[in-house]
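# A structural walkthrough
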Amino acid sequence: MASKDLKFNTKTIHGGQKPDAGYGAVMPPIYQTSTYAQTTPGGHKGYEYSRSANPTRTALENSLASIEGGTHGMAFGSGLAAIDAVIKLLQPGDEVISTNDLYGGSYRIFKRIFENFGIVFHFVGMQGANAVQEKINSRTKLIWVETPTNPMMNIIDIKAIASLTIDKDILLAVDNTFATPYLQKPLELGADIVMHSATKYLGGHSDTVVGALVVKDQELADRLYFIQNASG
Ligand SMILES: Cc1ncc(COP(=O)(O)O)c(C=O)c1O
């Protein structure tokens, strides 16, 4: 059965998964290897170095894409590393509109790291789409929504914000950490990128730090895979 036909609970276990290519294991083995044997230079089975890709990470990425209803997933060493990759899609002078009560670490990376590289951030109350509309100009390249917000639990209407980006060269990213795809699927509501601190509800047991992105567009996926590999 194609992953897209599975119901949510089944996707959390089987979504995007295939028996392992090595010996047919139905549960993905943990490939604890940094590199892979090559028969000739470049002669490999799809994996050459584990920063670029690792079969266990691929299984996780496909699972994340499946539960968010996207086509491509990317896993990172933390939620902030996932955010870092998204902002690296931008150029100096580009503008970002973000919610004004987002997670403190997201605010910190925006203000204390990326503002130094010439990215301009506007923080507005996003409960009304008008406040967002007022900040949009020709330099706006990204709208960053976090809903529910951490810690205030404010709710932002993703569909209303997405309607502001139609026919514009503006990406809409949603931090879906607190809702999880069980309750909210931003890609179905018009977002281009879903981000997770999978450290939280997706991880579930307070025993790991993980970040994730999911998209539904090949070109955007290729740009993010490039950053994932190039930045590490
Ligand atoms: C909503 C939200 N986004 C992003 C992050 C950052 O994720 P991480 O701690 O996995 O880097 C957090 C962490 O608390 C968070 O709550």
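Anyway, here's the lowdown on the structure attached to this text. What you see is a predicted model, and the numbers here were worked out from it, not measured in a lab.

### Observations regarding the packing of aromatic side chains
- A full pass over the atoms with the stated rule returns eight aromatic pairs.
- Centroid distance Tyr107 to Phe123: 4.8 Å. Interplanar angle 55°. Geometry classified as tilted. Taken together, the positions of Tyr107 in helix α4 (residues 104-113) and Phe123 in strand β3 (residues 120-124) put the pair 16 residues apart, joining distant regions of the chain.

### Quick notes on the site of the ligand
- Around the ligand there are 14 residues in total, and Asn150, Asp175, Ser197, Thr199 and Lys200 lie nearest to it.
- Taking Gly79, its main chain carries an N or O atom lying 2.9 Å from an oxygen atom of the ligand.
- Measuring from an oxygen atom of the ligand, one finds a side-chain N or O atom of Asn150 at 2.8 Å.
- Relative to its unbound accessible area of 390 Å², the ligand is 90% covered by the protein chains.
- Of all the secondary structure elements, the ones that give two or more residues to the shell around the ligand are α3 (79-87) and β6 (193-197).
- Within the shell around the ligand, the residues separate by chemical class into five nonpolar, six polar and three charged.

### Let's talk about the pairing of strand β1 (residues 72-76)
- Burial of β1 is extensive: five of the five residues sit out of reach of the surface.
- Along β1, one buried face is formed by His72, Met74 and Phe76 and the opposite face, lined by Gly73 and Ala75, is buried too.
- Here β1 pairs with strand β7 (residues 211-215) via five bridges, running antiparallel. Bridging from a neighbouring strand, Met74 pairs with Leu213 of β7.

Calculation criteria
Residues numbered from 1 in each chain as written. Predicted model: local features only at pLDDT ≥ 70, side-chain atom pairs only at ≥ 80, totals over all residues. Heavy atoms only, no water. Phe/Tyr/Trp six-rings, centres within 6.5 Å; stacked < 30°, edge-to-face > 60°. Helix = DSSP H or I, 4+ residues; strand = E, 2+ residues; numbered from the N terminus. Near = heavy atom within 4 Å. Polar contact = N/O pair within 3.5 Å; in protein donor to acceptor, adjacent residues only side chain to side chain. Areas by Shrake-Rupley, 256 points an atom, 1.4 Å probe, with all protein chains shown as cover. Nonpolar A, V, L, I, M, F, W, Y, C, P; charged D, E, K, R; others polar. Buried < 20%, exposed > 50% of the residue type's maximum accessible area, 1.4 Å probe, protein only. Pairing = 2+ DSSP bridges.

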